[in-house]
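Structural overview for review
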Amino acid sequence: MVVSLACVACLCLVVVVRGDPCLIISEINADNPRLDTTEFVELYHTSGQRSSLDGYTLVFFNGNGNIAYKVLDLKGHSTDDRGFFLVGSVDMLPKPAILLPPNTVQNGPDAIVLYHTSASRYNDKMNVTAFGMVDAVVYMTRRTGGAEFLAETLTPGEPAFVEDESTLEGDESIERCLLSEDRWGFQVSSPSPGQRNNCTPPAAPATIPVITELKLGGGQVDGFVELTEAPAAGPLALVVLDGRTDRVSVSVDVNLKTSRNGLISVNIEKSFMKGDDSGAVAIYSGRAVDFPLGSPLSQIQPLDAFVFAGPGNKPSANLTETLIPGREPYQLSNSLREGGYYLSRCGVATWARDPGVFWEAPLTPALPNQCPWPKICPHSMVTPGGTDSPSHLPPWGNSDFLINELNTDTPGAAEDGEYIELWHPSGRRVSLQGIWILLFSAHNNKPYREISLSGHYTTSRGYFLLGSDRLVPAPSLRLPPNTIQNGPDAVALYRSPYGPPSASQRGIPTKGLMDAVVYRQRGSDKEAQDLSKALTPGQLPLLEDPEVLPGDEALSRCRGLYPYDLSAFSVAPPTPLRENICPRPPPAPEGVVISEEHSGTVIAMPLTGSVDDDGLYVVGNVTGADQTFLEGSSVPARGAVVLCYDLFSVCRAGTALTNSSLRDVLVFSENQQLLSSLSSSRGRQVIPAARSVEDGPVSLSRCSCCEVRSPSSWTTSSPTPHSTNLCPSSAFSSHIDLCLGPLPSDAQPQPPGECSGLIQGKRVAEVAEYLEQRCHCGISALYLQGANFSCVSGWLRVWGNIQALSDHQKALIIQTSHTSPSSAQGDFCSAPTTGRYSGTASALGLQIGLIVAVLLLLGLGAALFTYFYRRRRPMDYYTMELSEHAEGLSDL
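Residues numbered from 1 in each chain as written. Predicted model: local features only at pLDDT ≥ 70, side-chain atom pairs only at ≥ 80, totals over all residues. Heavy atoms only, no water.

Where an unreviewed UniProt entry is consulted, the chain appears under the name LTD domain-containing protein, with the organism given as Champsocephalus esox.

Here you go:
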């Protein structure tokens, strides 16, 4: 058996295109209600004028197999006089320049890509490529998913867009809109083919007011600020600050009673909001008396803020970094217009405290903003020079952002070298949309700063740095000096797409928590008990010990990729935006240590050397191994492999296998003593399935990272030392259709059509176990990535594609599915509807349709019976005539 360790970092080239006008994919309508007869793809040239499309090719890719199903050469075509170009169904209006048969554009997971190079390179059935790409949209529905490979290839760092058909009544489309500055995104809105997209800023939440319009300087008219009504936010204060002194120029209580159409207008004397100077406007929770005239900039975090820079007069770094961390001030033009500057919130970004969402536009007090159509190009992912995407990407699976390094206390009184470094285990550029960092104080267990990272990206190696503005290298998000407290405190990382984590949770937020580090100074470990209990339970706070190293030091992640794991950190030299320099473990004894345990022989080996260029290190008696086993020893057919840091001091102790120095554990045995000794470790029991491989040895391969406790982390396959692991692929998929009844542990019934994440996770594992018991061919939850799941009263419907490693394993799965009953625990689920739909709505519609059909048949039968009955018995016209006379007499 061969043991492989992996550490992978992938690079992607990103070129930002701006300045000159460009052609973009502006709108897509891939799914219409009922019949797909009004599908379309809209292109737009940002010049707003007629432009030739020679040299452009539009390619439609199917997410099932990632191959092209439609290729359109645009040679000989051009946009209209306003810059629009339509490709769409024959029945839609306005009439498209290129007509498509109904139901041509697939619903997802799919992609539409615009290329600019020789059209001969592109053809039906071609594999997805980023060569020559100008623009791309990767999309899916909530029911489908499965667009990860397309997104990784075409829009690295950005997930596929989800077209939610429940957002609007009737039809909807995917529309490109400007988020902030020159960053574009997509939103679901009413279709607008051949017209400007409906890019309206999102509705503000009831708990957070946002600034919607401003007037700065000019003439004799006062300044003006408009903000949204937020009844749940409590009393609000509007504060204007001087950009040169960072002091309060004026503060005003916001009068909620003046609200019109959900908008509140506040007039500010013109001398405090000049258009030829720098300054800021901020909205705080509280009252005006809390921000007296002339007081310094408050360290309380505002609910929303707008910082502006006058011509040649830049606001201080402290003002910018405190009020709008990670954003740039709005730069006013050099010539002050008569009447001043009129600015409106037009970007559709969901985050606050970003001047980049404001454009110059006419003021519309108490009315929706009138935003112009932008004429700038988006950030385009381009792979120039003929280089293509990598042929394979590492299967990182459920990995997410981690805190990688933390420097909270730098030498000297300035404290201007503090930083927090994040890292994504994919080692590539990834969007930080919806990610928040909260800095907690142990004195009151509350966050003293909440920082939104939305709109930012990691570097091409997966790093993101926020820190003091004098830090070298320069951080992507700058903080004022001495912002990060020295301890006892905590840094926590959250995924919270709908606002600050503290806004919806009382106490120390734990929902959406991705990683956390609790740290202390000497003698202060007990002061952070509440933070430790909530964020890193069962662990003592870390000590950034200044006596360990000469000069500066940091807390660096050195021993694993588990979240909330403080044992992974060591005191080490600071390495912002670089690989951590970790201390070497104590020297290990020479040779191999063999000792006896309750369950048998333990072979303990010190690892030497380093990983190769692909991040792999192989231990085994195979060709090209980095380290071999002692002669006569090998990994047993049944047992466990334990990877730990400071191995020999760990494995000598009787309780060694539960020590926090463990980095990874894989159990491939049913021995209860062994399982018991590893029960508190991060282990995962996986039993090899010999039938998964047609011929040759069997290997256990990791196919997702980095949550090793996930049931989808491992699979059985053929050995691939020093090569990419063999993992389930859609290229060997087959159909599955199962129905599983309620689990005994399901205390509460699930709503129709809904599966909570926990329950569905249990059910996915149950489906995989059910199939493996009949197939014995290595099926795990990992194989069900392409399947659909829906719940009705606790019953789980599973149908769609099940992946496989090879044609051999695919044949075994097909054989198992044909010999197994259609329902594991009963015939409760109804047949799925067309496409990838499932739920009670479709089942109810089918029942209603059957009832209506039966009633129609009965009515038709009655009509036919009456008709033929009358033909067999002709009417008595004499009786009819007497009856008419009788009716006439009765009228008299």
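Next up on the list: the sheet that holds strand β8 (residues 110-116). Pairing between the strands of a sheet comes from backbone hydrogen bonds, and it takes one of two forms, parallel or antiparallel. Read across the open sheet, the 5 strands follow the order β5-β4-β8-β9-β10; overall the sheet is mixed. Each edge of the open sheet carries a strand with a single partner, namely β5 (67-73) and β10 (161-162). Pairing of strand β4 (residues 56-62) with β5 involves 6 bridges; the strand directions are antiparallel. Paired with Phe61 across the two strands is Ala68, which belongs to β5. (Pairing = 2+ DSSP bridges. Helix = DSSP H or I, 4+ residues; strand = E, 2+ residues; numbered from the N terminus.)

Moving on, we come to unusual backbone geometry. Glycine aside, the phi torsion of most residues is negative, and most peptide linkages are trans. The omega torsion across Leu93 and Pro94 is -5°, close enough to zero to call that bond cis. The residue Pro94 is located in the loop between β6 (84-89) and β7 (98-100) in this model. A positive phi is found at Asp246, a non-glycine position, where the angle reads about 60°. For Asp246, a relative accessible area of 11% translates into the label buried. (Buried < 20%, exposed > 50% of the residue type's maximum accessible area, 1.4 Å probe, protein only.)

This next bit is on the packing of aromatic side chains. Scanning the entire structure with this criterion turns up 8 aromatic pairs. Sitting over the ring of Tyr457, Arg429 keeps its end group 3.7 Å from the ring centre. (Phe/Tyr/Trp six-rings, centres within 6.5 Å; stacked < 30°, edge-to-face > 60°. Lys NZ or Arg CZ within 6 Å of the ring centre and 35° of its normal.)

A separate point is the nonpolar core. Counting 43 residues, the largest nonpolar core has Leu238 and Phe306 as the members making the most contacts within it. With near-sequence residues (within four places) excluded, Leu238 lies in contact with Val225, Leu227, Val250, Ser251, Val252, Val254, Val266, Ile268, Val281, Ala282 and Ile283. Membership of the second largest hydrophobic core comes to 29 residues, among which are Ile435, Leu466, Leu477 and Leu542. (Core = buried A, V, L, I, M, F, W, Y, C linked by side-chain atoms within 4.5 Å. Contact = heavy atoms within 4.5 Å.)

Below, the discussion takes up the state of the cysteines. Applying the stated criterion across every chain yields a total of 4 disulfides. Each sulfur of the disulfide joining Cys558 and Cys582 lies 2.1 Å from the other. Taking the sign of the S-S torsion, about -95° here, the bridge from Cys558 to Cys582 comes out left-handed. Placement of the pair is Cys558 in the loop between β32 (554-557) and β33 (569-572) and Cys582 in the loop between β33 and β34 (593-597), with a sequence separation of 24 residues. Judged by relative accessible area, which is 21%, Cys558 ranks as partly exposed. Linked covalently through their sulfurs, Cys775 and Cys777 form a disulfide whose S-S length is 1.9 Å. On the sign convention where negative means left-handed, the S-S torsion of about 110° between Cys775 and Cys777 marks this disulfide as right-handed. (Disulfide = S-S within 2.5 Å.)

So, about the environment of Leu150. Note on placement: Leu150 falls in helix α1 (residues 148-154). The residues contacting Leu150, other than those within four sequence positions of it, are Phe61, Gly63, Asn66, Pro109, Asp110, Ala111, Val128, Val138 and Thr155.

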